[in-house]
Amino acid sequence: MARSDRRRVVVTGVGLVSPIGVGTRETWSALLSGASGIGPITRFDTARFESRIAGEVKGFDPERWVEKKEVKKMDLFIHYALAASDMALQDSGLEIDDANADRIGVVIGSGIGGFPLIEKMHSTLLERGPGRISPFFIPGVIVNLAAGQVSIRTGARGPNTAPCTACTTGLHAVGDAFRLIQHGYADAVIAGGTEGAITPIAVGGFSVMGALSQRNDAPEKASRPWDKDRDGFVIGEGAGILVLEELGRARRRGAPVYCEIVGYGMSGDAYHMAAPHPEGRGAAAVMRNALADAELAPDAVDYINAHGTSTPLGDLAEVQAVKQVFGEHARSLAMSSTKSATGHLLGAAGGLECGILALAIRDQVYPATLNLDEPGEGCDLDFVPHEARRAPLEVALTNSFGFGGTNGALLMRRVA
């Protein structure tokens, strides 16, 4: 399809559930104030665990969004998706009815799905036998039921899919939704990522890989992207859901427009199941692909919301990739990691960060990188340390990279 034939796609609603706030306004306000959502794990006894900290969502009551009798029929990642989707729809003002339902899609993914309920039902199986497994177990844990439940509860009958691409899931969901609208398969899509996997098996599994920070005595300082003392990521949870719409449709109904999505890139490292390519080859490719899709030069980009998980290898590889793609302009643009405040939401990270980027463009502000006291070797770009920065923001990029070498990048632009 020629670029002239592609439809323009804008963000008209944002819904966020995160470790720093249940709600978009709450999350954004906390982020700009420099709050940290990292603390000791409260969900289970961590005495035998090397990493005992996480970005837990606090004060979340699923019964605000799910009928009491239905809560136990679905796992936490679905609760988060339903809540964030409702927030995004309320924000957008998008009403779904029989006349438009076939043209409104849902693309919501999860990197892991229902770990809490899987663990619970496994214990039930061992202790009480197979007959005591809940009949709602399978539809309560499989990844596509977040999108399925949102579709069921909103009546959206358009394309319904659920990416599962590790920590790139949320961004891929938004990018895929962008393509559906751009190429005419839908007029609006509810899109993003959701995760609720702060469980013994998940924390233990990531920990034995050496992936998690062990800064247990100072949790709020543990997520420190690009800092010389970074020692791994902090697991988080929540959901980031956006409403995407075709621009003309959004304007006709008087919808709020945060920004326009103008480019989407994908790539694969073809290198290692967990480690990034040491030269950031796949990360560089995905940013180039997004720029080419948007037909933008590298020097058009003002700000990057980085993947920036606080791992020694990953942070450096992303910096190297940015230098490859942007050349001298890498020294002029700003780049920060909001995972320093929220931790790493795994499959929900990209959805959350797409939402944050839309808010950043709306308010013309670069969110900060917390805990960046002394940049590590090779980490020498403008990482917006400690405090958010008010500055013009026309074009911004967000990156997500996942295990298996799956990469995504999305470009957003201010709409005048």
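Scroll up to find the structure.
Residues numbered from 1 in each chain as written. Predicted model: local features only at pLDDT ≥ 70, side-chain atom pairs only at ≥ 80, totals over all residues. Heavy atoms only, no water.

(A) Molecular detail of the overall build of the protein chain. Scanning the protein chain from N- to C-terminus turns up 13 helices and 15 strands. In terms of overall dimensions, the protein chain is globule-like: its C-alpha atoms have a radius of gyration of 20 Å, near the 22 Å expected for 416 residues. Dimensions of the protein chain along its principal axes, counting C-alpha atoms only, are 65 × 55 × 40 Å. Sequence separation of at least 24 residues holds for 79% of the intrachain contacts in the protein chain that already meet a minimum separation of 6. As presented, the protein chain carries roughly 15800 Å² of accessible surface, and 51% of it is formed by carbon and sulfur atoms. Across the protein chain, the mean location of the 40 positive side-chain charges is 4 Å away from that of the 48 negative side-chain charges. (Helix = DSSP H or I, 4+ residues; strand = E, 2+ residues; numbered from the N terminus. Rg over C-alpha atoms; globule rule 2.2 N^0.38 Å. Contact = heavy atoms within 4.5 Å. Areas by Shrake-Rupley, 256 points an atom, 1.4 Å probe, with all protein chains shown as cover. Lys, Arg positive; Asp, Glu negative; His and termini not counted. Charge placed at Lys NZ, Arg CZ, Asp CG, Glu CD.)

(B) A look at the pairing of strand S1 (residues 9-18). The element S1 is extensively covered by neighbouring structure, given that 10 of its 10 residues are classed as buried. Pairing analysis gives three bridges linking S1 to strand S9 (residues 259-268), with the strands arranged antiparallel. Each bridged residue has a counterpart across the sheet, and for Val11 the counterpart in S9 is Cys259. The sheet contact formed by S1 and strand S8 (residues 238-246) spans eight bridges and is antiparallel. Bridge pairing in S8 places Val17 opposite Ala239. (Buried < 20%, exposed > 50% of the residue type's maximum accessible area, 1.4 Å probe, protein only. Pairing = 2+ DSSP bridges.)

(C) Geometry of the packing of aromatic side chains. Scanning the model with the defined rule gives seven aromatic pairs in all. When the centroid spacing of 5.3 Å and the interplanar angle of 55° are considered together, the rings of Phe44 and Phe49 count as tilted. Like Phe44, the residue Phe49 is buried in the burial classification. Judged by centre distance (4.1 Å) and plane angle (10°), the rings of Trp226 and Phe383 are stacked. Here Trp226 is found in the loop between helix H8 (200-208) and S8, whereas its partner Phe383 is found in the loop between strand S12 (365-366) and strand S13 (389-390), with 157 residues between them in sequence. (Phe/Tyr/Trp six-rings, centres within 6.5 Å; stacked < 30°, edge-to-face > 60°.)

(D) Inspection of the pattern of salt bridges at higher detail. For the coordinates displayed, the defined rule picks out 24 salt bridges. A salt bridge links Arg8 to Glu260, with the shortest nitrogen-to-oxygen separation between them at 2.8 Å. Of this pair, Arg8 sits in the segment before S1 while Glu260 sits in strand S9, and the two are 252 residues apart along the sequence. The buried category is assigned to Glu260, whose relative accessible area is 5%. Residues Glu70 and Lys73 are paired through a salt bridge, measuring 3.2 Å at the closest nitrogen-oxygen approach. (Salt bridge = Lys/Arg side-chain N within 4 Å of Asp/Glu carboxyl O.)

(E) Spotlight on the environment of Gly114. Mapped onto the elements, Gly114 comes out in the loop between strand S5 (104-109) and helix H4 (115-128). Gly114 sits 36 residues away from Ile78 along the chain, and the two C-alpha atoms are 8.3 Å apart. The residues contacting Gly114, other than those within four sequence positions of it, are Asp75, Phe77 and Val141.

(F) Fine view of the nonpolar core. Within the largest apolar cluster, 48 residues are counted, with the highest numbers of intra-cluster contacts made by Val11, Leu244, Ile261, Leu410 and Met412. Top contributing element to this core by residue count: helix H13 (residues 349-363), with nine residues. Apart from the residues lying within four places of it in its own chain, the contact partners of Val11 are Leu242, Val243, Leu244, Pro256, Val257, Tyr258, Cys259, Ile261 and Ala358. Val17, Phe77, Ala88 and Val106 belong to the second largest nonpolar core, which has 33 residues in total. (Core = buried A, V, L, I, M, F, W, Y, C linked by side-chain atoms within 4.5 Å.)

(G) Main features of the pairing of S9. Counted residue by residue, S9 has eight buried out of 10 residues, so it is predominantly covered. Pairing geometry for S9 and strand S15 (residues 406-413), over eight bridges, is antiparallel. Note that in S15 the partner of Gly265 across the bridge is Ala409.

(H) Inspection of the side chain of His79 at higher detail. Along the chain, His79 turns up in helix H3 (residues 76-92). On the accessibility criterion, His79 (6% relative accessible area) is buried. If sequence neighbours within four positions are ignored, His79 has contacts with Phe60, Pro62, Val66, Val71 and Met74.

(I) Up close: the environment of Ala101. Summarising the element assignment, Ala101 is placed in the loop between H3 and S5. Residue Ala101 is classed as buried on the basis of its relative accessible area of 1%. In this structure the C-alpha to C-alpha distance between Ala101 and Gly158, which are 57 residues apart in sequence, comes to 6.5 Å. Sequence-distant contacts of Ala101, defined by excluding residues within four places in its chain, comprise Ile96, Gly155, Ala156, Arg157 and Gly158.

(J) Main features of helix H6 (residues 145-154). In terms of burial, H6 is a largely internal element, seven of the 10 residues being buried. For H6, the complete set of buried residues consists of Leu145, Ala146, Ala147, Gly148, Gln149, Val150 and Ser151. Where H6 is buried, its residues contact H3, S5, helix H5 (137-141), strand S6 (160-161) and strand S7 (188-195). At the C-terminal side of H6, Gly155 shows a positive phi close to 85°.

(K) Expanded view of a nonpolar patch on the surface. A cluster of nonpolar side chains, Val208, Met209 and Phe403, forms an exposed patch at the surface whose accessible area comes to about 310 Å². Relative to the helices and strands, Phe403 resides in the loop between strand S14 (395-402) and S15. Taking the relative accessible area as the measure of exposure, Phe403 reaches 34% and is therefore partly exposed. (Patch = residues over 30% accessible without salt bridge, like charges linked within 9 Å, V, L, I, M, F, W, Y side chains within 5 Å.)

(L) Quick peek at the packing of helix H10 (residues 281-294) against helix H11 (residues 312-326). For the pair H10 and H11, interaxial distance at closest approach is 8 Å and the crossing angle is 40°. For the element pair H10 / H11, the angle class is oblique. Regarding H10 and H11, the two cross each other, and that crossing is right-handed. Every residue of H11 that contacts H10 at Ala283, Ala284, Met287, Arg288 and Leu291 is listed here: Ala321, Val322, Gln324, Val325 and Phe326. In the contact of H10 with H11, the residues fall into eight nonpolar, one polar and one charged. (Axes fitted to C-alpha atoms, helices over the stretch in contact; angles between N-to-C directions. Parallel < 35°, antiparallel > 145°, perpendicular 65-115°, else oblique. Left-handed = near helix turned anticlockwise from the far one by under 90°. Nonpolar A, V, L, I, M, F, W, Y, C, P; charged D, E, K, R; others polar.)

Bear in mind that shape data such as this cannot, by itself, settle questions of function.
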